[in-house]
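# Structural overview for review
Okay, here's what each chain looks like letter by letter:
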Amino acid sequence: MSQTPKESLSAEAANAALVTSSQRSAFSHNPEILPQDEYNATLIANVHPADWQNPEPASRYNLVVIGAGTAGLVTAAGAAGLGAKVALVERHLMGGDCLNVGCVPSKCVIRSSRVFGDLTTAPHLGVRVPVGPDVDFPAVMERMRRLRARLSSHDSAHRFHEQLGVDVFLGEGHFVGPEAVEVGGKILHFKRAVIATGARAVHPPVPGLTEAGFLTNETVFALTEQPQRLAVIGGGPLGCELAQAFQRLGSEVTIVEMERQFLPREDPEAAAILLAVFQQEGLSVKLNTTLKRVTSSGKDKHLYLESGGKEEVLAVNAILVGVGRAPNVEGLNLEAVGVTYDKKRGVVVNERLQTTNPRIYAAGDICLDYKFTHAADAAARVVIQNALFFGRKKLSTLTIPWCTYTDPEIAHVGMYEHAAEKQGIGVTTFTIPMREVDRAIVDGEEAGFVKIHVKKGTDQILGATIVARHAGEMLDEITLAMTAKIGLGTLSSVIHPYPTQAEAIRKAADAYNRTRLTPLVKKLFNSWLAWTR
Ligand SMILES: Cc1cc2nc3c(=O)[nH]c(=O)nc-3n(C[C@H](O)[C@H](O)[C@H](O)COP(=O)(O)OP(=O)(O)OC[C@H]3O[C@@H](n4cnc5c(N)ncnc54)[C@H](O)[C@@H]3O)c2cc1C
């Protein structure tokens, strides 16, 4: 049943939440979770209960973890499960970015936008949609809030305290000595500590932007009113995912990206496919374009853009900024405990995720180049072994894939061709376009490819990029092969159900095997077959 939120949240109101939140003590660093409806009430009751009483600290903890995002939660739960006495400190919402303002809400909104995408292409599949699809934006956002609230029970303060045996302290944590953290006037003594304080959205210093008001991932999911014209500043994964989703849900979206390519780190061919899809869907993409200043009049915001020496003005109702993340290093008193950090790159760690203070470790966005939930989770597992059990587990031994959840998705693992070549490693690449894969053809999902790089002269997989509707799911097979050191040749003998899009991987492996059929081997085969005829 559709519940009407008590207040309708436009981009202006969501942005105002960012400002007014600085006056609220419990959430002094972050915007308030809005709107105030039953779902957000459930969310808050789980991840920052208003009546929470911090426990009396134990005399000493095996582990004190600062920050209860993915990295902190996994570290605390894993360590407590092994019998360690653990304290977990969170100043805002348990679950961190992923649950509250990142992966979970974005993937909910993307799911709704995919349905819209399917409906608009339905006539090509012989299915007429009686009236053009009509998006109920408030209902899309309400579904997101409902599912986020449901998932929040996993990360709840009560679950961690009562079921997992972790001492949960809600409040801002900071170091007060080489073996002590303070939170809300209580001192937590530790044998080892973990910094898992994550990162936050960066606000670019563009004149007039703050005055005009803008959204970030911290406020965009509070919207209940659809922005009619939306500018997305930054064509990274966050920008691309949300730009396509909002365009499909009915906003008129323009992406502004400084680089010549959006998703600048991705394979250029992958980005080119996505660009073509975006343009087909009516999304305006301005590459090689810089936002110089912003003015506002009434409900309109005017963006002054410059590209190749030419200036143009773009009028929108809302601006979403996704230009990068800054590590949350401030206020932890890291200097006092000898933890070296960089304001842009975060806490400095060695291969074992140990900071420059050997008693203190770090995990997640605060220290990793890979700013992903699964990377934070994997890093937390490394920290548990190394901090509690004299482990020597190294971050570099992990194979960390990633995926941008546009439609089609772009998923990647390992090295890019250019990076391998830069390191002097010879590469052979096997590419299968999705238009050669039966299932992609029958599904009408031919945009994309599977590209697998092997070390020249061998079948050792160095990396892969997949562009396909469900590239994130398909990539797992290659990540498994790389983790288990299975060569591309072996993937040719993996039987894939017919028809599946993952057959593209087997086709790439077959293509590799055909390279082994040298003229000499072919000649020998011919002679043998002639002789045995
Ligand atoms: C819009 C968006 C979509 C995303 N989608 C995906 C996706 O689909 N897949 C994916 O893998 N990743 C995704 N990510 C990235 C993912 O959310 C992060 O990589 C992940 O949340 C990092 O976890 P973390 O524990 O390191 O940090 P965080 O989740 O940021 O948690 C850090 C916690 O520490 C707390 N904290 C900070 N300072 C203190 C202090 N002094 N005392 C107490 N507590 C403190 C913060 O309040 C916060 O709760 C997305 C990110 C965004 C913004």
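### As for the confidence of the model for the chain
In this model, the chain carries an average pLDDT of 94, and 94% of its residues clear a pLDDT of 70 or more. Under a pLDDT of 50 for its full length, residues 1-7 has, in the predicted model, 16 contacts with residues more than four places off or in other chains. Every residue in residues 17-28 scores below 50 in pLDDT, and together they form 17 contacts with partners more than four places removed in sequence or on other chains.

### Let's talk about the pairing of strand β9 (residues 252-256)
Across the 5 residues of β9, 4 count as buried, placing the element largely inside the fold. With 5 bridges joining them, strand β8 (residues 229-233) and β9 adopt parallel strand pairing. By the bridge assignment, Leu-230 is partnered in β9 with Val-253. In this region the chain leaves β8, passes through helix α9 (residues 237-248) and returns to the parallel neighbour β9; the handedness of that crossover is right-handed. The pairing of β9 with strand β10 (residues 284-286) spans 3 bridges and is classified as parallel. Bridge assignment links Val-256 to a residue of β10, and that residue is Lys-286.

### As for unusual backbone geometry
Residues Asp-407 and Pro-408 are joined by a peptide bond in cis, for which omega reads 5°. Backbone torsion omega between Tyr-498 and Pro-499 reads -5°, so that peptide bond is classified as cis. As for its position among the elements, Pro-499 is in the loop between α15 (488-491) and α16 (503-515).

### Digging into the pairing of strand β1 (residues 61-66)
Of all 6 residues in β1, 5 are buried, a share of seventy percent or more. Of the pairings in the sheet, the one linking β1 to strand β2 (residues 86-90) comprises 4 bridges and is parallel in character. Residue pairing in the sheet places Val-64 in a bridge with Ala-87 of β2.

### Some thoughts on the sheet that holds strand β19 (residues 402-404)
Sheet architecture is open: 5 strands sit in the order β19-β20-β23-β22-β21, paired in antiparallel fashion. The open sheet is flanked by β19 and β21 (427-433), the only strands paired with a single partner. If you compare each strand with its neighbour and ignore which way they point, the axes differ by 10° on average. With 3 bridges joining them, β19 and strand β20 (residues 409-414) adopt antiparallel strand pairing. What sits directly across from Cys-403, in β20, is Ala-411. Where helix α10 (residues 268-280) meets the sheet, its contacts fall on β20, β22 (449-455) and β23 (461-468), and the angle it forms with β22 comes to roughly 175°. Where helix α14 (residues 471-483) meets the sheet, its contacts fall on β19, β20, β22 and β23, and the angle it forms with β23 comes to roughly 170°.

### Looking at the site of the ligand
Neighbouring residues of the ligand: 38 residues in total, closest Glu-90, Asp-97, Lys-107, Asp-365 and Thr-373. Contacts to the ligand include Arg-91, whose backbone N or O atom sits 3.1 Å from a nitrogen atom. Between the ligand and Leu-93 there is a distance of 3.4 Å, counted from an oxygen atom to a backbone nitrogen or oxygen. Isolated, the ligand exposes 1000 Å² of accessible area, and the fraction of that covered by the protein chains is 93%. Of all the elements in the fold, those that place two or more residues in the shell around the ligand are α3 (70-81), β2, α4 (96-101), α5 (103-121) and α11 (373-388). The element best represented in the shell around the ligand is α4, accounting for 4 residues.

### Some points on the pattern of salt bridges
Considering all chains together, one arrives at 25 salt bridges under this definition. Salt-bridge contacts for Asp-167 lead to Lys-85; the nearest nitrogen and oxygen are separated by 3.8 Å. Highlighted residues: Asp-167 in strand β3 (residues 167-170) and Lys-85 in the loop between α3 and β2, separated in sequence by 82 residues. Residues Arg-325 and Asp-97 are paired through a salt bridge, measuring 2.2 Å at the closest nitrogen-oxygen approach. In this pair, Arg-325 is assigned in strand β15 (residues 325-327) and Asp-97 in helix α4, connecting sequence segments 228 residues apart. Residues joined by salt bridges that share partners form a network here, namely Arg-114, Asp-118, Arg-248, Glu-281, Asp-407, Glu-409, Glu-445 and Arg-469.

### Here we look at the sheet that holds β9
One open sheet holds the 4 strands; their spatial order is β10-β9-β8-β14, and the pairing between them is parallel. At either margin of the open sheet sits one strand with a lone partner, and together these are β10 and β14 (318-321). Ignoring strand direction, the axes of neighbouring strands in this sheet form an average angle of 20°. Across the sheet, α9 lies against β8, β9 and β14, angled at about 160° from β9, the strand it touches most.

### What about the packing of α3 against α11?
Axes are the key here: two packed helices are described by the angle between their axes and the distance separating the axes. The interhelical angle for the contact between α3 and α11, taken along N-to-C directions, is 40°, at an axis separation of 8 Å. Taken together, the axes of α3 and α11 lie oblique to each other. Regarding α3 and α11, the two cross each other, and that crossing is right-handed. For the pair α3 and α11, the contacting residues are Thr-70, Ala-71, Val-74, Thr-75, Gly-78 and Ala-79 in the first and Thr-373, Ala-376, Asp-377, Ala-380, Arg-381, Val-383, Ile-384 and Leu-388 in the second. Its residues assigned to classes, the contact of α3 with α11 comprises 8 nonpolar, 4 polar and 2 charged.

### Notes on the nonpolar core
With 63 residues, the main nonpolar core has Val-86, Leu-88, Met-94, Phe-175, Ile-195 and Val-347 as its most contacted residues. Tallying contributions element by element places α11 first for this core, with 8 residues. Leaving out residues up to four positions away in the same chain, Met-94 has contacts with Val-47, Ala-68, Leu-73, Leu-88, Leu-99, Asn-100, Asp-155, Ser-156, Ala-157, Phe-160, Val-168 and Leu-170. Ranked by size, the runner-up nonpolar core spans 35 residues in total, among them Cys-108, Val-109, Met-141 and Ile-255.

### Quick look at the environment of His-496
Summarising the element assignment, His-496 is placed in the loop between α15 and α16. Classification of His-496 as buried rests on a relative accessible area of 10%. Through-space distance from the C-alpha of His-496 to that of Arg-506 is 7.7 Å; in sequence the pair is 10 residues apart. Contacts of His-496, omitting those with residues within four sequence positions, involve Glu-477, Leu-491, Ala-502, Glu-503 and Arg-506. Of the polar contacts made by the side chain of His-496, one reaches the side chain of Glu-477; its length is 2.8 Å. Separated by 3.0 Å, the side chain of His-496 and the backbone oxygen of Val-494 make a polar contact.

Here is what the cut-offs are and how they apply
- Numbers given to residues run from 1 along each chain, matching the order in which its sequence is written.
- Given that the model is predicted, a residue must reach a pLDDT of at least 70 before its local features are reported, and side-chain atom pairs must reach 80 or more before they are shown or counted; all residues, however, enter totals for whole chains, interfaces and linings.
- Note that the side-chain values use all heavy atoms of the structure and ignore hydrogens as well as water.
- Each residue gets a pLDDT score, which is the predictor's confidence in that residue and runs from 0 to 100.
- In what follows, residue pairs with any heavy atoms lying within 4.5 Å of each other are defined as contacts.
- In this scheme, a residue with accessible area under 20% of its type's maximum is buried, one over 50% is exposed, and one in between is partly exposed, where area comes from a 1.4 Å probe on protein chains only.
- Here a helix means four or more residues in a row that DSSP labels H or I, a strand means two or more in a row labelled E, and each is numbered from the N terminus.
- Pairing between two strands requires that DSSP report at least two bridges joining them.
- Look down the strands so they point away from you; if going from the first strand over the helix to the second traces a clockwise path, that crossover is right-handed.
- Here, axes are lines fitted to C-alpha atoms. For helices the fit covers the stretch in contact, and angles between N-to-C directions go from 0 to 180 degrees.
- Put simply, a residue is near a molecule or strand once any heavy atom of it comes within 4 Å of that molecule or strand.
- Contacts described as polar in this section are N or O atom pairs within 3.5 Å, which, within protein, must combine one atom able to donate a hydrogen with one able to accept it, while residues neighboring in sequence count only if both atoms come from side chains.
- For accessible areas, the Shrake-Rupley method is used with a probe of radius 1.4 Å. Any residue's cover is judged against the shown protein chains and nothing else.
- Salt bridges are defined by distance alone: a side-chain nitrogen of Lys or Arg within 4 Å of a carboxyl oxygen of Asp or Glu.
- We call two directions roughly parallel when the angle between them is under 35 degrees, roughly antiparallel when it is over 145, roughly perpendicular when it lies between 65 and 115, and oblique otherwise.
- Helix crossings fall into two classes, left-handed where the near helix is turned counterclockwise from the far one by less than a right angle and right-handed where it is turned clockwise.
- Residues are grouped as follows: nonpolar covers Ala, Val, Leu, Ile, Met, Phe, Trp, Tyr, Cys and Pro; charged covers Asp, Glu, Lys and Arg; every other residue, Gly included, is treated as polar.
- Among the buried residues, those of types Ala, Val, Leu, Ile, Met, Phe, Trp, Tyr and Cys that are joined through side-chain atoms within 4.5 Å form a nonpolar core.

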